[in-house]
Amino acid sequence: MTSSSATARKALSKIACNRLQKELVEWQVNPPAGFKHKVTDNLQRWVIEVIGAPGTLYANDTYQLQVDFPEHYPMEAPQQRPEDNDRYVKNCRNGRSPKETRWWFHDDKV
């Protein structure tokens, strides 16, 4: 098995597919406040819009989060990262840990 095929994402199991379909319906019926699921044709990768909380520096700003569900979800945890991953990785020392990210802001008054 080559390294590229070893790291390729496997198709969802039947259990994972059923669970995600159920969770997606629940999300559409009762969406969590401040979050919006962007509709795509890929059940295994969700794109979530996160809206900045009122009364904070981030109020009315929108951020995108990509959530990738593994083959054996919910027994395996999904992976999440900013949707604009190129910018995120460029600013992250090891490209993976947000704890080691050097954050920068466009507003120098903060």
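Summary of the structure given here.

What counts and how
- Residues numbered from 1 in each chain as written.
- Predicted model: local features only at pLDDT ≥ 70, side-chain atom pairs only at ≥ 80, totals over all residues.
- Heavy atoms only, no water.
- Helix = DSSP H or I, 4+ residues; strand = E, 2+ residues; numbered from the N terminus.
- Buried < 20%, exposed > 50% of the residue type's maximum accessible area, 1.4 Å probe, protein only.
- Contact = heavy atoms within 4.5 Å.
- Pairing = 2+ DSSP bridges.
- Axes fitted to C-alpha atoms, helices over the stretch in contact; angles between N-to-C directions.

**Re the overall build of the protein**
Stage number 1. For the protein, the count of helices and strands is three helices and four strands.
Stage number 2. When the elements of the protein are put in sequence order from the N terminus, they spell out α-α-β-β-β-β-α.
Stage number 3. Relative to its full complement of 110 residues, the protein shows a buried share of 21%.
Stage number 4. At a minimum sequence separation of 6, the contacts of the protein that also span at least 24 residues come to 30%.

**Some thoughts on the sheet that holds strand 3 (residues 62–68)**
The strands that make up a sheet pair up through hydrogen bonds in the backbone, lying either parallel or antiparallel.
Stage number 1. One open sheet holds the four strands; their spatial order is 1-2-3-4, and the pairing between them is antiparallel. One side of each edge strand has no neighbouring strand; the edge strands of this open sheet are strand 1 (35–38) and strand 4 (79–82). Here the average twist between neighbouring strands, direction ignored, is 30 degrees.
Stage number 2. With seven bridges joining them, strand 2 (residues 45–51) and strand 3 adopt antiparallel strand pairing. Bridged to valine 50 within strand 3 is tyrosine 63.
Stage number 3. The strands touched by helix 2 (residues 14–29) within the sheet are strand 1 and strand 2, with strand 2 carrying the most contacts at an inclination of about 25 degrees.

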